[in-house]
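# Notes for the structure review
These are the residues of each chain, in order.
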Amino acid sequence: MLVGVRAIPRRTMEDPANRRLRSIGNHIGLSDRGDQMIGSSGSQNAGSRWYSTKKPVEKREDYKHLLDIQTRWKDNDGYGHVNNVEYYSYFDTVVNEYMIGKGQLDIHDQSENAIIGVVAETQCRFFSSISFPEVIQAGLRVAHLGKTSVKYEIGIFCKSKPEAVASGHFVHVYVKRGSMTPVPIPEKTRAVLEGLVVQKNSS
């Protein structure tokens, strides 16, 4: 078993919730592979986790929104650095902090008709490690804004380095809570998301 690859238990095919999530993934053309933590050849420390050998190019100025996040003692693993699963928590934190701050996420609305964003896919690549008690910065931008889904891209930075120590993406599909069927992104939400869109250079 490769260290750094997180296996996600699958529900049985008979589970209606699983079928709904599978349908959401198919709706935006995603394969049924669940969340992934992806790394490449080359490890930083024997027995710790796999790190990508590709040099990171993302810098803070490549992102539209930055959020300081205090790492916690619980984030560290037995190897003395932040465990890979915690990076998804940082992704979740910067996305939801931004949407709550813009008035587009009401965590108290539990009605059947509420339109919510559900995670269809996440991915992270590692370039170097971070450890508690570092304060990190999470950078946020939108790479693609579709009719019913949005693809966020996140960069994780430590204060002492200009380039990202990790980067990844996070896909939200908007659904009606009661039926879990995809719906168009609400206009006010779309307007907020458009403010995060970054046009990448083709060169």
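All of these numbers come straight from a predicted model, not from anything done at the bench. Numbering of residues starts from 1 in each chain and follows the order in which that chain's sequence is written. This being a predicted model, a pLDDT of at least 70 is required before a residue's local features are given, and a value of 80 or more before pairs of side-chain atoms are given or counted; all residues contribute to the totals for chains, interfaces and linings. Note that water and hydrogens are dropped before the side-chain values are worked out from all heavy atoms of the structure.

Moving on: the overall build of the protein. The secondary structure content of the protein amounts to three helices and six strands. A run of H or I in DSSP counts as a helix once it spans at least four residues, and a run of E counts as a strand once it spans at least two, with each numbered from the N terminus. Tracing the protein from N to C terminus, the helices and strands come up as α-β-β-α-β-β-β-β-α. Remark: exposure states derive from per-residue accessible area (1.4 Å probe, protein chains only) relative to the maximum for the residue type, with buried under 20%, exposed over 50%, and partly exposed in between. Taking all 203 residues of the protein together, the buried fraction comes to 39%. We call two residues in contact whenever any of their non-hydrogen atoms come within 4.5 Å of each other. Looking at the protein alone, contacts between residues at least 24 apart form 72% of all its contacts between residues at least 6 apart. Counting only carbon and sulfur atoms, one obtains 52% of the accessible surface of the protein, whose full area is about 11,100 Å². Note that accessible areas follow from Shrake-Rupley with a 1.4 Å probe, and for residues the cover is restricted to the protein chains shown.

Further remarks concern the environment of lysine 161. Topologically, lysine 161 is positioned in the loop between β5 (149-158) and β6 (166-176). What makes lysine 161 partly exposed here is its relative accessible area of 36%. Taking the C-alpha atoms as reference, lysine 161 lies 9.9 Å from arginine 60; in sequence the two are 101 residues apart. Sequence-distant contacts of lysine 161, defined by excluding residues within four places in its chain, comprise Arg60 and Ser128.

A few words now on unusual backbone geometry. A cis amide bond links phenylalanine 132 to the next residue, proline 133, at an omega of 10 degrees. Within the secondary structure, proline 133 sits in the loop between β3 (115-126) and β4 (135-145). One non-glycine residue with positive phi stands out, namely methionine 180, at about 55 degrees. Within the secondary structure layout, methionine 180 lies in the loop between β6 and α3 (187-194). Relative accessible area serves as the criterion here: at 17%, methionine 180 is assigned to the buried category.

Between Lys or Arg on one side and Asp or Glu on the other, a salt bridge is scored when a side-chain nitrogen of the former is within 4 Å of a carboxyl oxygen of the latter. For the structure on display, the rule yields seven salt bridges. The salt bridge partner of aspartate 75 is lysine 74, with a shortest N-O separation of 4.0 Å. The network of salt bridges with common partners includes Arg72, Lys74, Asp75 and Glu86.

Among the structural elements, serine 149 can be located in strand β5. Taking the relative accessible area as the measure of exposure, serine 149 reaches 10% and is therefore buried. Residues serine 149 and valine 173 lie 24 residues apart in sequence; the distance between their C-alpha atoms is 4.3 Å.

A word on a nonpolar patch on the surface. Side chains of Ile100, Leu105 and Ile107 sit close together on the surface and give an oily, nonpolar patch of about 250 Å² of accessible area. Within the element layout of this structure, leucine 105 appears in the loop between α2 (84-101) and β3. For leucine 105, a relative accessible area of 31% corresponds to the partly exposed category. Patch membership is restricted to residues that have no salt bridge and whose relative accessible area is over 30%. Joining uses 9 Å for like charges and 5 Å for the nonpolar side chains Val, Leu, Ile, Met, Phe, Trp and Tyr.

By size, the foremost hydrophobic cluster in this structure holds 32 residues, and its most contacted members are Tyr87, Ile130, Tyr152, Ile154 and Ile156. For this core, the secondary-structure elements that each account for two or more residues are β2 (65-70), α2, β3, β4, β5, β6 and α3. With eight residues, α2 is the largest single contributor of residues to this core. Beyond its immediate chain neighbours, meaning those up to four positions away, isoleucine 156 contacts Tyr87, Tyr90, Phe91, Ile130, Ile136, Gln137, Ala138, Ala164, Val165 and Ala166. Note on terminology: a nonpolar core comprises buried Ala, Val, Leu, Ile, Met, Phe, Trp, Tyr and Cys residues joined through side-chain atoms within 4.5 Å.

Below, the discussion takes up α3. Looking at α3, one finds that the buried residues are Thr189, Val192 and Leu193. Projection of α3 onto a plane perpendicular to its axis shows the buried side chains occupying an angular sector of 100 degrees, all on one side. Turned more than 90 degrees from where α3 packs its buried face, Glu187 and Lys188 sit exposed. Taken together, the buried residues of α3 touch α2, β4, β5 and β6. In this description, one arc is meant: the one made by directions from the helix axis to the C-beta atoms.

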